[in-house]
Amino acid sequence: TLSVVCFGIWMADLVLTMHSEESWAVNRIGEIKMANLYYFSWASILTAGLQVMSFGKALFGISKNDTMSIVWIGICKVCFVIFGAGMHIWLNISDKCDINDLTTGAVTFCSRTVLAIIVSLTGMLVGGLVVLIRFFQAFIKSCQCDRVQAHIEIILSSFLLLLFAAAVALITGIGGPGQSVGDL
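Residues numbered from 1 in each chain as written. Predicted model: local features only at pLDDT ≥ 70, side-chain atom pairs only at ≥ 80, totals over all residues. Heavy atoms only, no water.

Peer 1: So what's going on with the pattern of salt bridges? Residues and values would help.
Peer 2: Where charged atoms from two side chains of opposite charge approach closely, those side chains can pair. Applying the stated criterion across every chain yields a total of two salt bridges. Where Asp-95 meets Lys-96, a salt bridge forms, and the shortest distance between an N and an O atom there is 3.7 Å. For the pair shown, Asp-95 and Lys-96 are each scored as exposed. Residues Glu-153 and Arg-134 are paired through a salt bridge, measuring 2.6 Å at the closest nitrogen-oxygen approach. Taken together, the residues span a long stretch of sequence, with Glu-153 in helix H6 (residues 146-172) and Arg-134 in helix H5 (residues 109-139) at a distance of 19 residues. On the basis of relative accessible area, Glu-153 is assigned to the buried category, the value being 9%. (Salt bridge = Lys/Arg side-chain N within 4 Å of Asp/Glu carboxyl O. Buried < 20%, exposed > 50% of the residue type's maximum accessible area, 1.4 Å probe, protein only. Helix = DSSP H or I, 4+ residues; strand = E, 2+ residues; numbered from the N terminus.)

Peer 1: Break down the environment of Val-52 for me, citing the residues and quoting the values.
Peer 2: Position of Val-52 relative to the elements: it lies in helix H2 (residues 35-60). Among the residues examined, Val-52 registers a relative accessible area of 23% and is labelled partly exposed. Linking Val-52 and Cys-110, residues 58 residues apart in sequence, is a C-alpha distance of 35 Å. Apart from residues no more than four positions distant in its own chain, Val-52 is found in contact with Ser-3, Val-4 and Phe-7. (Contact = heavy atoms within 4.5 Å.)

Written out as structure tokens, the structure reads:
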């Protein structure tokens, strides 16, 4: 339980350190002001997240060899971070965005920010569903569906690979919300 408390404390610290009006580590548009604090906060939240995953595996009796669940939980965590950063940027720029930026299909800063939010929500949804299915399958001993599950996970991971590849190009390219370190 200490790992869950530690993870909660670091999540609260991450919000204060990175995404507040007067942030300690980044400025209003997300550029890094204090690199040591910025990178140490991310390293700490990743370490605390690994501790929580280990605790969860022990708590729910999931096999220690089940590395794919860790990978899918990792995808959920990364998408959660992208969602938080995308929402932070969106809340700062939404009053400057026009509905035509989003409906005309033009590739603008506003539409790229919305894309980051949608892609991250999709990644969290897909990853979360796979983790839930893997979790409940562990309790159904009569289920002989490993091969079908592997095929479904390959299809879903291929979909996410293509989605993330396109999103990286649009989000982190010149003029996108993630063009510099620290903003997305």
